[in-house]
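Chain and residue survey
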Amino acid sequence: DYYELAGGSNYRFHHLTRTHRYVEKLVERPEIKEKEFDLRVLEVASLFHDIGRKEDIEDGFLDPIEAHEGHAKTGERTVNEFIDDILDGERVREVEKVIGNHHSDPEKVETRILQDADTLGFFGPMNIWRMIHYASDKERELEETFDYFWGEGRRQKQEKLDSLNFECSKRI
């Protein structure tokens, strides 16, 4: 129960469930379906991949722009207290690894799939809504916001697109 700048109340919940839906779509693509991965590990990791952001909540508020970049490693260290009753020990360790590396060079197929599912959330109407929500909270003029979106924001979108691990993700 907190308010997230650039998202509002419950934004992180919706981000996690959206990421999980992208995982479900990606694993059905032939390019990914042919790979070996643990679907249960991937699903749990997708729903908990941002658990490390809980460290950034202060007085019921989270600013994801100013948040620490170490949320993946924080999540890796803390996720077991949330999942150790639903997975066996080896799978808990696998989820920890996937979460810990979801913003770095992925060693596991599960991490590459999660990275793409997480990144896909940067595209589409939800991210445009987030940008406008952020601008409103910061009391920016819409013109300044749109200038940012077509300049810096567009460059960031292209970098995100280029960072995707699978061709099927780029097509989505």
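The following refers to the structure shown. (Residues numbered from 1 in each chain as written. Predicted model: local features only at pLDDT ≥ 70, side-chain atom pairs only at ≥ 80, totals over all residues. Heavy atoms only, no water.)

This part is about the sheet that holds strand β2 (residues 8-9). Spatially, β2-β1-β3 is the arrangement adopted by the three strands of the open sheet, whose pairing is mixed. Every other strand in the sheet has two partners, leaving β2 and β3 (61-62) as the edge strands with one partner each. (Pairing = 2+ DSSP bridges. Helix = DSSP H or I, 4+ residues; strand = E, 2+ residues; numbered from the N terminus.)

Our next topic: the nonpolar core. One broad rule of soluble globular proteins: the nonpolar side chains tend to lie buried together. L26, I83, V95 and I113 are the most contacted members of the largest nonpolar core, which has 25 residues in total. The element that contributes the greatest number of residues to this core is helix α7 (residues 109-120), accounting for five residues. Those residues in contact with I83 that sit more than four places away from it in its chain are V44, F48, V92 and V95. (Core = buried A, V, L, I, M, F, W, Y, C linked by side-chain atoms within 4.5 Å. Buried < 20%, exposed > 50% of the residue type's maximum accessible area, 1.4 Å probe, protein only. Contact = heavy atoms within 4.5 Å.)

The subject of this paragraph is helix α6 (residues 89-100). A turn of α-helix holds 3.6 residues, and therefore any two residues three or four places apart point the same way. Look at α6: 16 Å from first C-alpha to last across twelve residues, which is about the 16 Å you get at 1.5 Å a residue. On its buried face, α6 sits against α3 (39-48), α4 (71-78), α5 (80-83) and α7. One side-chain oxygen at the N-terminal end of α6 lies 3.1 Å from the backbone nitrogen of E90; it belongs to D88. (Expected span 1.5 Å × (residues − 1). Polar contact = N/O pair within 3.5 Å; in protein donor to acceptor, adjacent residues only side chain to side chain.)

Below, the discussion takes up the side chain of H102. Within the secondary structure layout, H102 lies in the loop between α6 and α7. In contact with H102, other than residues within four places in its own chain, are H49, D50, H71, A72, T111, L114, Q115 and D118.

Estimates place the volume of the largest pocket at around 890 Å³. For the lining of the largest pocket, the elements supplying multiple residues, two or more each, are α1 (11-26), α8 (125-137) and α9 (142-163). The element that contributes the greatest number of residues to the lining of the largest pocket is α9, accounting for seven residues. Across the lining of the largest pocket, the residue classes break down as ten nonpolar, eight polar and ten charged. Taken together, 13 residues form the lining of the second largest pocket, with Y2, R12, F13, L16 and I57 sitting closest to its centre. Broken down by secondary-structure element, the contributors of at least two residues to the lining of the second largest pocket are α1 and α3. Here the lining of the second largest pocket gets three residues from one element, more than from any other, and that element is α1. (1 Å grid on protein atoms, 1.4 Å probe; cavity = no way out; pocket = protein on both sides within 12 Å on 5 of 7 lines; lining within 4 Å. Points joined across faces, edges and corners; volume = space filled by probe spheres on them. Nonpolar A, V, L, I, M, F, W, Y, C, P; charged D, E, K, R; others polar.)

Turning next to a positive patch on the surface. Together, R21, K25, R29 and R171 line one region of the surface with positive charge. With respect to the helices and strands, the residue R171 is situated in helix α10 (residues 167-171). (Patch = residues over 30% accessible without salt bridge, like charges linked within 9 Å, V, L, I, M, F, W, Y side chains within 5 Å. Areas by Shrake-Rupley, 256 points an atom, 1.4 Å probe, with all protein chains shown as cover. Salt bridge = Lys/Arg side-chain N within 4 Å of Asp/Glu carboxyl O. Lys, Arg positive; Asp, Glu negative; His and termini not counted. Charge placed at Lys NZ, Arg CZ, Asp CG, Glu CD.)

Taken as a whole and assessed by the stated rule, the structure comprises 15 salt bridges. Among the salt bridges present, the one from K73 reaches E76, with a minimum N-O distance of 3.3 Å. Pair noted here: K73 and E76 are both in helix α4, with a separation of three residues, about one helical turn. Residue class for K73 comes out partly exposed when judged on its relative accessible area of 39%. Of the charged contacts, one joins R140 and E144 as a salt bridge, the two residues approaching to 4.0 Å between their closest N and O atoms. Judged by its relative accessible area of 34%, R140 is partly exposed. Within this structure, E4, R12, D50 and R130 form a network of salt bridges that share partners.

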